[in-house]
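Summary of the model geometry
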Amino acid sequence: MSSQRLVVVANRLPLRIRRSGAAWQAAPSPGGLVAALAPIAADLDAQWIGWAGANPGPDEAGRRALLDSWERDRGFIAVDLPADLVERYYDGYANSTLWPLLHGFPGRVRLDRETWLAYRDANQRFADRIVERYQPGDRIWVHDYHLALVPQLVRERLPDATIGFFLHIPFPSAEIFKILPERERLLRGLLGADLVAFQTHAHLHDFRRAVLEILGLETGMDRVDLGDRSVALAALPIGIVVGEWERRLASRKVQSVIRARREAPDRLRTIIAVDRLDDTKGIPERLRAFRQLLRTRPEWHGRVQLVQVAVPSRERIPRYAELRRTVSELVGEVNGEFATADWNPVVYLRRSVEPAELTALYATADVGWVAPLRDGMNLVAKEYVACQAGESGVLVLSEFAGAAQELGEAIRVNPYDVDGSADAIHRALTMPEPERRDREAALLARVTRNDAPAWARRFLDELRSAARDGRRDGPPNAGPPSELLERGRAAAERAFWLDYDGSLVAIAPRPADAVPTPAALAVLRRLAADPSTHVALLSGRARSELERWFGEIPGLWLAAEHGVVIRDPIGREWRPLHGGLDAQWKVAVRPTLEHFADRAPGSSIEEKEFGLAWHYRLAEPELGAFLASELVALLHRQLAGTDLVALSGRKVVEVRFGWANKGDAALAIREGMPEPEFELALGDDRTDEDLFERLPETALTLRVGSGPTRARYRVPDPAAAIAILDRLAETRPSVKPMRVPDVARQLAGSGAAASRSGSRWP
Ligand code: GDG
C-alpha cells in the first residue's frame with residue numbers, strides 16, 4: 001500500500017465508456033486535464049475518480065466488467081450517475097446555473113431547485129466513492145465547479161484527509177455570486193478543502209470578498225480562518241503540456257502540411273480562432289469585429305482569412321443550440337457580404353479537428369485571435385504561442401481571459417469593442433517582423449516555464465503546506481510541565497508578555513465590569529518588582545483605563561489599543577509605536593458604527609483614543625452576528641487605501657490602525673532588552689496570536705481558554721493562568737541584586753537616547 005497516492009477527482013474520467021454495436025468500448029474523454037497531469041501522474045501513483053460517461057444499458061454485466069478492468073489496470077474509478085441525474089446535475093445546475101453565474105452573466109443563469117438537489121446528490125455520490133477508496137496519506141485533488149460540495153462532504157467523514165480544490169473557471173464578483181440561493185452551501189462546500197486554488201489573483205480576491213460578505217468570515221491574503229482549522233487560498237495559473245505540442249510540431253506529417261501551406265503561391269494571411277461553441281467565448285463578437293475590419297479596410301479584401309474552429313458542446317442545453325444558430329448566421333452574413341469567386345473571408349469548421357491538424361493550423365496562422373468575454377485561463381492562447389515556436393505569429397488576446405494576466409506581450413483587446421478589435425487585428429497583421437519576433441519569444445519563454453507539470457507540482461506543494469499548517473486545534477488543556485516552570489523561575493533574565501481581558505480576568509458582559517481582581521494585581525506587582533524580570537501588559541484597552549488600573553505598579557510596561565501607544569515603566573511616558581498618529585478619521589467612521597448601533601438594540605460603541613469599536617455582546621445574537629459581517633464588509637470598502645482596518649473579534653467589530661499589533665509592540669519593547677533566558681506570553685484571542693507568532697520559538701506561549709491557537713500550551717481560564725504566574729513569581733534562587741532594566745532607562749530618556757538603543761521608537 002502506497003502512502004502518498006494522488007487521487008484526482010473530476011467530473012469525467014480520462015476514458016469514457018460507450019456502446020459500439022453489441023459491445024462496450026473505451027474512448028478518450030474530451031478535456032485537457034489528463035494531458036496536464038500525465039507527466040506527473042505516473043510518479044505519483046495517481047488514481048482517478050469520475051463519471052465514465054455512459055449509463056447502465058443493455059448488458060450491464062459487460063459494462064461493469066469493462067469498468068472493473070479500468071479500475072484494476074489503470075486506477076480509474078467510475079462514479080455511476082443515472083441518466084436523469086446527469087441531465088439535472090450536469091446540464092442543469094453545473095452548466096445552466098454555475099457556469100454562466102461564475103462567468104459573471106447573471107442574465108443567463110437558470111435557477112431551479114430541482115437541479116440543485118440533483119447537484120447535491122451527484123456531489124454526494126462522488127464523495128461516497130472517495131471515502132470508500134480512501135487510504136490514509138492520500139492526497140485528494142478535486143477539480144472544478146461541477147464538484148464544489150465535494151470537499152466538505154469528504155471532510156465531514158474524513159476530518160484528517162488532505163483535500164485540495166482547483167477552480168478552472170473564473171470566480172465572479174461577490175454581488176453576482178450572492179444571487180445564488182445556495183451561495184452559502186457552495187462556499188462552505190469549497191472550504192472543506194485544505195487548499196482552494198484559482199487561475200488568477202483577481203478570482204481569488206473575488207472569492208475572499210464573497211466569503212466575507214456571505215459567511216462573515218474574515219480572510220487573510222491567502223487564508224480563511226475557520227476556527228478549528230484554516231484553508232489556504234492560492235492563485236495558480238494552469239499551463240499546457242508544451243512538450244506534447246513540440247512533439248506534434250516536429251512530426252513529419254505536420255511539418256509537411258506546414259511547409260505546403262507556407263509555400264502555397266496564393267497564400268492568404270490567416271487568423272486562427274479555436275473555441276468550444278460556448279457563449280463565454282465571444283464568437284459572435286469576433287465575427288462582427290472581423291466584418292468591421294473588412295468594412296473599414298478594403299485593402300484586406302482577398303488577402304486575409306479567418307479560420308474559426310468551433311467544437312460543438314453541451315448541445316442539449318437550449319442556450320447552446322441558439323448560439324450555434326447565431327454563429328452560423330453570422331458566418332453566412334460575413335461571407336455573403338464579402339466573398340468572391342476566389343476568396344472566402346471566413347472558414348467555419350463546426351467540429352473537432354485532429355490534434356495534428358490543429359497544430360498545423362496554429363503554426364501557420366499569422367494571428368491567433370483569442371477573444372472570450374470571460375475565461376478562467378484559456379489554453380488556446382498558450383497553445384498558439386507554443387506552436388509558433390521560432391516563428392513570428394501575433395497573439396491578440398481578450399483582457400477578460402485569465403491568460404491576459406500572464407501574457408503581457410499579446411495585443412490586448414476588449415472583445416465587446418467591435419472597432420477596437422478590428423483595429424487590433426489590423427495592427428497585428430501589419431506589425432513589423434522584429435517586433436513580432438520579440439513578442440513571441442517572450443511569450444514562448446513564459447508559456448514554457450509555466451507549463452502544466454509545473455502547475456501541478458506547484459499545486460501539490462501548496463497542498464502539502466496547507467494541510468500541514470491548516471490544523472490548529474492546538475494543544476489540550478494541560479498547561480506547561482512543571483520542570484519548565486521551574487526553569488522559568490530560576491532563569492536570570494525574564495520577559496512576560498501578558499494580555500489582560502480574558503487572560504488575567506474573565507470576560508464580563510460589559511467591558512467596564514472586567515476590573516482587575518486582587519489576585520491579578522498581586523501577581524503583576526510581584527513579577528514586576530523583580531529587577532531582572534520585564535513585564536509588559538499588552539491590551540486592546542485605552543491608555544486611560546490601563547493607567548487607572550495599573551499605572552502605579554512599579555516596573556510594569558503598558559501597551560494600549562493593541563500597541564498603538566506604549567508606556568515605559570521608568571519615565572512613564574506614552575509613545576506611539578509608529579509616528580503619525582491621527583484620530584481625525586473617526587469623524588468619518590463614527591456615523592457608520594452609529595447606524596449599526598441603532599439597528600441592533602443592546603449594542604454600543606466604544607470610543608478609544610485611536611480606535612472605535614462596536615460591541616454587540618448584549619444584542620440579540622443572530623442579529624448581532626448578521627450585522628457584524630455586513631459592517632465589516634462595508635468598512636472594508638470605506639477604509640480601502642487608508643492604514644486603518646476593520647476587524648471582527650469576540651462580539652465586537654473594531655476599527656484601528658492596521659500596523660498596530662501586540663507582536664510588534666512586544667518586539668519594540670524587546671529590542672532594547674538583554675536577550676531573555678526565559679519568556680512567557682499569555683493570551684486568549686486572535687490579537688494575541690500576533691504575539692505568539694512574532695516571539696522566538698523558544699518562548700513559552702500559553703493560550704487561555706478554547707479556540708485555535710499557535711500557542712504551545714493551553715490552560716482553561718484566567719485563574720489557571722494566574723496560578724502559573726504565581727509559581728513563576730515565587731522567590732527566585734539566582735536573582736541578581738538591584739538590576740534596573742536598561743531599556744526602561746533608555747526609553748525614559750531623550751529621543752536621542754532612544755534611537756541609540758536601536759529600538760524603533762520615533
Ligand atoms: C476550462 C476553462 C481553462 C478545442 N478545439 C479543439 C480542441 N480544443 C482544445 C484546445 C484547448 C481546449 O480544447 C480548450 O481549452 P480552453 O482553456 O480554451 O477552454 P475550456 O474548455 O472552456 O476550459 C478555461 C481550462 O478549463 C483549463 O483550466 O483554461 O478557462 O473554461 O486545449 O486545444 N482540441 C482538438 N480539436 C479541436 O477541434 N484536438
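Residues numbered from 1 in each chain as written. Predicted model: local features only at pLDDT ≥ 70, side-chain atom pairs only at ≥ 80, totals over all residues. Heavy atoms only, no water.

1. A look at the site of the ligand
The environment of the ligand is formed by 22 residues, the closest being His168, Val353, Asp375, Leu379 and Glu383. Here an oxygen atom of the ligand sits 2.5 Å away from a polar atom, N or O, in the side chain of Asp375. Contact between the ligand and Asn378: an oxygen atom at 2.9 Å from a main-chain N or O atom of the residue. Among the elements of the structure, β12 (269–276), β13 (304–311), α13 (355–364) and α14 (379–387) are those that each provide at least two residues to the shell around the ligand. A per-class count over the shell around the ligand returns 13 nonpolar, 5 polar and 4 charged. (Near = heavy atom within 4 Å. Polar contact = N/O pair within 3.5 Å; in protein donor to acceptor, adjacent residues only side chain to side chain. Helix = DSSP H or I, 4+ residues; strand = E, 2+ residues; numbered from the N terminus. Nonpolar A, V, L, I, M, F, W, Y, C, P; charged D, E, K, R; others polar.)

2. What about the environment of Arg350?
Relative to the helices and strands, Arg350 resides in the loop between β14 (346–349) and α13. Arg350 sits in the partly exposed class, given a relative accessible area of 33%. Each C-alpha atom of the pair Arg350 and Leu226 lies 48 Å from the other, and the pair is 124 residues apart in sequence. Residue contacts for Arg350: discarding those within four places in its chain leaves Leu277, Ala310, Pro312, Arg324 and Ser328. (Buried < 20%, exposed > 50% of the residue type's maximum accessible area, 1.4 Å probe, protein only. Contact = heavy atoms within 4.5 Å.)

3. Re the sheet that holds strand β18 (residues 494–498)
Strand order across the open sheet formed by 8 strands is β22-β21-β20-β19-β18-β27-β28-β29, with mixed pairing between neighbours. Because the sheet does not close on itself, it has two edges, and the strands there are β22 (574–576) and β29 (713–715). Across the sheet, the mean angle from the axis of one strand to that of its neighbour is 20°, orientation sign disregarded. The pairing of strand β28 (residues 700–704) with β29 spans 3 bridges and is parallel. Considered in β29, the bridge of Arg703 is made with Arg714. (Pairing = 2+ DSSP bridges. Axes fitted to C-alpha atoms, helices over the stretch in contact; angles between N-to-C directions.)

4. What to know about the pattern of salt bridges
Evaluated as defined, the whole model comprises 62 salt bridges. A salt bridge links Asp138 to Arg5; the nearest nitrogen and oxygen atoms lie 2.7 Å apart. Of this pair, Asp138 sits in the loop between α4 (113–133) and β6 (139–143) while Arg5 sits in the segment before β1 (6–12), placing them 133 residues apart in sequence. With a relative accessible area of 1%, Asp138 lands in the buried category. Here Glu132 makes a salt bridge to Arg133, at a shortest N to O gap of 3.3 Å. Connected via shared salt-bridge partners are Glu60, Arg63, Arg64, Asp68 and Asp80. (Salt bridge = Lys/Arg side-chain N within 4 Å of Asp/Glu carboxyl O.)

5. Describing the packing of helix α1 (residues 33–41) against helix α17 (residues 452–470)
Here α1 crosses α17 at 75°, and the two axes come no closer than 8 Å. Compared by their axis directions, α1 and α17 come out roughly perpendicular. Residues Leu33, Ala36, Leu37, Pro39 and Ile40 of α1 pack against Ala452, Pro453, Trp455, Ala456, Arg457 and Leu460 of α17. For the contact of α1 with α17, a count of residues per class yields 10 nonpolar, no polar and 1 charged. (Parallel < 35°, antiparallel > 145°, perpendicular 65-115°, else oblique.)

6. A word on empty space enclosed by the protein
Applying the stated criterion across every chain yields a total of 3 cavities of 30 Å³ or more. One number sums up the size of the largest cavity: a volume of about 90 Å³. Residue lining of the largest cavity: Leu98, Leu102, Tyr145, Ala148, Phe165, Leu167, Phe171, Phe177, Leu186 and Leu190, and that is the complete set. Secondary-structure elements contributing two or more residues to the lining of the largest cavity are α3 (83–102) and α7 (183–190). Among the residues forming the lining of the largest cavity, the class breakdown is 10 nonpolar, no polar and no charged. Each pocket or cavity is described by its volume, and for the second largest cavity that value is around 60 Å³. Lining the second largest cavity, in full, are Tyr384, Val385, Gly393, Val394, Leu395, Glu409, Ala410, Arg436, Arg439, Glu440 and Leu443. Of all elements in the fold, only α14, β16 (394–398) and α16 (433–449) reach the threshold of two or more residues within the lining of the second largest cavity. In terms of residues, the lining of the second largest cavity owes the most to one element, α16, which gives 4 residues. Here the lining of the second largest cavity is composed, by residue class, of 6 nonpolar, 1 polar and 4 charged. (1 Å grid on protein atoms, 1.4 Å probe; cavity = no way out; pocket = protein on both sides within 12 Å on 5 of 7 lines; lining within 4 Å. Points joined across faces, edges and corners; volume = space filled by probe spheres on them.)

7. Quick look at the sheet that holds strand β7 (residues 162–166)
Taken together, the 9 strands give an open sheet; going across it, the order is β5-β4-β1-β6-β7-β8-β11-β10-β9, and neighbouring strands pair in mixed fashion. With partners counted over all chains shown, the strands left at the sheet margins are β5 (76–79) and β9 (219–220), one partner each. Note that β7 and strand β8 (residues 195–198) share 3 bridges and pair parallel. Paired with Gly164 across the bridge in β8 is Leu195. Each of β1, β4 (46–51), β5 and β6 is contacted by α4, which is oriented at about 140° to β5, the strand it contacts most.

8. Let's talk about the domain arrangement of the protein
Partitioning the protein into structural domains gives domain 1 (7–235), domain 2 (242–449), domain 3 (482–578 + 659–750) and domain 4 (586–657). A straight line from the C-alpha centre of domain 1 to that of domain 4 covers 37 Å. With 6 residues of domain 1 at the interface, the matching set in domain 4 holds 8 residues. By the criterion of area lost to domain 4, the three top residues of domain 1 are Arg209, Leu212 and Glu218, representing 68% of everything that side buries. At the junction of domain 1 with domain 4, the criterion picks out 1 salt bridge. One salt bridge in this structure joins Arg637 and Glu213, with 3.1 Å as the shortest N-O distance. Seen at the junction of domain 1 and domain 4, the total is 1 residue pair in polar contact (both at pLDDT 80 or more). (Domains from an automatic or database assignment. Buried area = accessible area lost by both parts, 1.4 Å probe.)

9. Concerning the packing of aromatic side chains
For the structure on display, the rule yields 27 aromatic pairs. Consider the rings of Trp99 and Tyr145, whose centres lie 5.6 Å apart with planes at 55°: the pair is tilted. Of this pair, Trp99 sits in helix α3 while Tyr145 sits in the loop between β6 and α5 (150–157), and the two are 46 residues apart along the sequence. Owing to a relative accessible area of 4%, Trp99 belongs among the buried residues under this scheme. For Tyr145, a relative accessible area of 3% translates into the label buried. (Phe/Tyr/Trp six-rings, centres within 6.5 Å; stacked < 30°, edge-to-face > 60°.)

10. Focus: helix α19 (residues 518–529)
For α19, which comprises 12 residues, the first-to-last C-alpha distance of 16 Å matches the rise-based estimate of 16 Å (1.5 Å per residue) to within 8%. For α19, the set of buried residues is Ala520, Val523, Leu524, Leu527 and Ala528. The buried residues of α19 all sit within an arc of 125° when viewed along its axis, so they share a single face. Turned more than 90 degrees from where α19 packs its buried face, Pro518 and Ala529 sit exposed. Next to the buried residues of α19 lie β18, β19 (533–538), α20 (543–550), β20 (556–560) and α25 (718–729). (Expected span 1.5 Å × (residues − 1). Arc of directions from axis to C-beta.)

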